[in-house]
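# Residue-level structural notes
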Amino acid sequence: MNSVGEACTELKREYDQCFNRWFAEKFLKGESDGDPCGQLFKRYQLCVQKAIKEKDIPIEGLEFMGPSKGKAENSS
Amino acid sequence: HPWETVTTAAMQKYPNPMNPSVVGVDVLDRHVDGGGKLHSHRLLSTEWGIPSIVKSLIGTSRTKTYVQEHSVIDPVRKTMELKSSNISFTNLVSVDERLVYKPHPHEPDKTVLTQEAIISVKGVSLSSYLEGLMANTISSNANKGREALEWVIKRLNAEIEEFAASARGTMRNSMAAAAFVEK
């Protein structure tokens, strides 16, 4: 599965692998302390935030929302 | 399937053959709250196969629709709740969906899914027709969603099988190699 930002797909895959392992082996069994995927997530996040700004995707309620809020769809 | 299996599959739902229009999934935010529940905010990108002449008129960057999904998983109470709404550039139609997965109250190896959708159509006189159309689509999608998870669960089980088989093969090979060296 790809990322919304093409450049982020590899970072996403690494993070996903880490998360899926932690999720099934630790979290669901009640051991939710520790986050072995923190670093991978941060790197992946930075990439995604940049891609979202560049593509002007209007996501609400998230702190990195760009200044494009006022833009309207101009095709009929 | 037991709740843990369904929840694990739901987190890895895409890609799957029942949802070919989902082309991208990203995690926007994820954290465990004070009560031990995992919150995830995900962005799904979908591509509906708009004809190329339309694409050239409106510009290719606009052919994707985005869905924002917020999920909360409580591993102790064993509930998974998914709320999703589409982020549409036109804002004419919005679809909000809410799904809750819980273990079956009487059969612990099964999971119960409750699904509801709220469709809003703004300022369009075709609204009741459109709403009817979307309601039908959403209820057939509910079945598709179950099929999609079945598919993911089969795939995950096959991966585990494959991994176990190759681990056995590797051990046999290294034992054979060790025996050879000892001679």
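It should be noted that the structure appears before, not after, this text.
The text that follows walks through the structure, step by step, so that each part is easy to find. These figures come from a predicted structure and were not determined experimentally.

Analysis parameters
- Residues numbered from 1 in each chain as written.
- Chains lettered and ligands numbered in written order.
- Predicted model: local features only at pLDDT ≥ 70, side-chain atom pairs only at ≥ 80, totals over all residues.
- Heavy atoms only, no water.
- Core = buried A, V, L, I, M, F, W, Y, C linked by side-chain atoms within 4.5 Å.
- Buried < 20%, exposed > 50% of the residue type's maximum accessible area, 1.4 Å probe, protein only.
- Helix = DSSP H or I, 4+ residues; strand = E, 2+ residues; numbered from the N terminus.
- Pairing = 2+ DSSP bridges.
- Contact = heavy atoms within 4.5 Å.
- Salt bridge = Lys/Arg side-chain N within 4 Å of Asp/Glu carboxyl O.
- Polar contact = N/O pair within 3.5 Å; in protein donor to acceptor, adjacent residues only side chain to side chain.
- Nonpolar A, V, L, I, M, F, W, Y, C, P; charged D, E, K, R; others polar.
- Expected span 1.5 Å × (residues − 1).

### Examining the nonpolar core
Where a protein is soluble and globular, its nonpolar side chains tend to be buried together. By size, the foremost hydrophobic cluster in this structure holds 38 residues, and its most contacted members are V4, F23 and I52 of chain A together with L43, I73, M80 and Y101 of chain B. Tallying contributions element by element places helix α2 (residues 38–55) of chain A first for this core, with six residues.

### So, unusual backbone geometry
Following Y14 of chain B, the chain continues to P15 of chain B via a peptide bond in cis, the omega torsion being 0°. Topologically, P15 of chain B is positioned in the loop between α1 (3–11) and β1 (22–32). Phi is positive for D56 of chain A, close to 65°, though the residue is something other than glycine. Within the secondary structure, D56 of chain A sits in the segment after α2. Relative accessible area serves as the criterion here: at 24%, D56 of chain A is assigned to the partly exposed category.

### Things to note about the pairing of strand β4 (residues 79–87) of chain B
Residues and elements named next belong to chain B. Of the strand pairs in this sheet, strand β3 (residues 64–74) and β4 are connected by nine bridges, and their pairing is antiparallel. What sits directly across from Y66, in β4, is I87. In this antiparallel pair of consecutive strands, β3 and β4, the connection spans four residues, and K78 shows a positive phi of 60°.

### Here's the deal with the interface of chain A and chain B
If you look at the interface, chain A gives 30 residues, while chain B gives 32 residues. Across the chain A-chain B interface, the total number found is zero salt bridges. One can count nine residue pairs in polar contact (both at pLDDT 80 or more) joining chain A with chain B. Looking at the side of chain A that touches chain B, the elements that each hand over two or more residues are α1 (9–25) and α2 of chain A. In terms of residue class, the side of chain A that touches chain B is made up of 18 nonpolar, eight polar and four charged.

### Quick look at α2 of chain A
One turn of an α-helix holds 3.6 residues; hence residues three or four places apart share an orientation. Compared with an ideal rise of 1.5 Å per residue, which puts 18 residues at 26 Å, α2 of chain A spans 26 Å between its outermost C-alpha atoms and is within 8% of the ideal. Three or more residues of α2 of chain A are buried, namely G38, F41, Y44, Q45, C47, V48, A51 and I52 of chain A. Those residues of α2 of chain A that are buried lie in contact with α1 of chain A together with β1 and β2 (38–47) of chain B. In the segment just after α2 of chain A, D56 of chain A is the residue with positive phi, at about 65°.

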